[in-house]
Amino acid sequence: MFKNILIPTDGSALSRSAIAAGVKLAKAVGAKVTAVYAAPPATPLVYKDLLPVGYMTPDKHAAAIKKAVENFLSLVERKAKAAGVRCKTLHVTSDFPAEVILATAAKEKCDLIFIASHGRRGLTRLLLGSQTQKVLAGSKVPVLVHR
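What comes next is a walk through the structure. (Residues numbered from 1 in each chain as written. Predicted model: local features only at pLDDT ≥ 70, side-chain atom pairs only at ≥ 80, totals over all residues. Heavy atoms only, no water.)

Notes on the pattern of salt bridges
Proximity of charged atoms lets side chains of opposite charge pair with each other.
So, step 1. Applying the stated rule across the entire model yields two salt bridges.
So, step 2. Note that K66 and E70 form a salt bridge whose closest N and O atoms lie 4.0 Å from each other. Here E70 and K66 lie together in helix α2 (residues 58–83), a separation of four residues that amounts to about one turn.
So, step 3. Between E108 and K88 there is a salt bridge, with the nearest N and O atoms lying 2.9 Å from each other. With E108 in the loop between α3 (97–107) and β6 (112–116) and K88 in strand β5 (residues 87–93), this pair connects stretches of sequence that are 20 residues apart.
So, step 4. E108 sits in the buried class, given a relative accessible area of 18%. (Salt bridge = Lys/Arg side-chain N within 4 Å of Asp/Glu carboxyl O. Helix = DSSP H or I, 4+ residues; strand = E, 2+ residues; numbered from the N terminus. Buried < 20%, exposed > 50% of the residue type's maximum accessible area, 1.4 Å probe, protein only.)

A word on the nonpolar core
So, step 1. The biggest cluster of nonpolar side chains holds 22 residues, and the ones touching the most others in it are I5, I7, V23, V33 and V85.
So, step 2. When residues of this core are traced back to their parent elements, those giving at least two are β1 (4–8), α1 (13–29), β2 (32–39), α2 and β6.
So, step 3. In this structure, A38, A98, I113 and V135 belong to the second largest nonpolar core, which totals eleven residues. (Core = buried A, V, L, I, M, F, W, Y, C linked by side-chain atoms within 4.5 Å.)

A look at the side chain of S94
So, step 1. Positionally, S94 belongs in the loop between β5 and α3.
So, step 2. The buried category is assigned to S94, whose relative accessible area is 17%.
So, step 3. A distance of 2.9 Å separates a polar atom in the side chain of S94 from the backbone nitrogen of F96.
So, step 4. Ignoring any residue separated from it by four or fewer positions in sequence, one finds S94 in contact with A38, A39, P40, P41 and V100. (Polar contact = N/O pair within 3.5 Å; in protein donor to acceptor, adjacent residues only side chain to side chain. Contact = heavy atoms within 4.5 Å.)

With respect to the packing of α3 against helix α5 (residues 131–138)
So, step 1. Look at α3 against α5: their axes get within 8 Å of each other, and the N-to-C directions meet at 40°. By the angle class used here, α3 and α5 are oblique. Read as a crossing pair, α3 and α5 show a hand that is right-handed. Contact residues: P97, A98, I101 and L102 in α3; Q131, K134, V135 and G138 in α5. (Axes fitted to C-alpha atoms, helices over the stretch in contact; angles between N-to-C directions. Parallel < 35°, antiparallel > 145°, perpendicular 65-115°, else oblique. Left-handed = near helix turned anticlockwise from the far one by under 90°.)

Some details on the environment of A28
So, step 1. Relative to the elements of secondary structure, A28 occurs in helix α1.
So, step 2. Looking at A28, the relative accessible area reads 66%, which means it is exposed.
So, step 3. On a C-alpha basis, the gap between A28 and A83 in space is 9.8 Å, while along the polypeptide they are 55 residues apart.

A closer look at the packing of aromatic side chains
When we look at a pair of aromatic rings, we describe it by the centre distance and by the angle of the planes.
So, step 1. Using the criterion set out here, one finds one aromatic pair in the structure.
So, step 2. Summarising the aromatic geometry, the rings of Y37 and F72 are spaced 5.0 Å apart at their centres and angled 75° between planes, so their arrangement reads as edge-to-face. Taken together, the positions of Y37 in strand β2 and F72 in helix α2 put the pair 35 residues apart, joining distant regions of the chain.
So, step 3. For Y37, a relative accessible area of 10% translates into the label buried. (Phe/Tyr/Trp six-rings, centres within 6.5 Å; stacked < 30°, edge-to-face > 60°.)

Set out below in structure tokens:
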């Protein structure tokens, strides 16, 4: 069935739930897991939900991003190890997560993308866009959306 399942993460609660479910699926079908996190580049401005919330030197911001990357990807590694599933983790610096997910799926020869849905509705969906929607529209491999 599937041999290499891509699980993108952004550290959110829904993403953590998708990690657990994606690893469980990988174990059930005998697949390995590739996890990817697309982190924004370090800038003097610090953002949360697309709004500037503070200032930080690029070096300090880079250190904060590195810590987040380690936390998010280590969760996938721990879940995979506990389930006995092979795991590879990747960190890519980009402002465009959907593009990173699609490129990673192609480069790593993933045959399924297991992604969380954030379920944004109304104005926030229009303003923020949906990375999951972009992945669904652009993927050449099956996409399983976890809710």
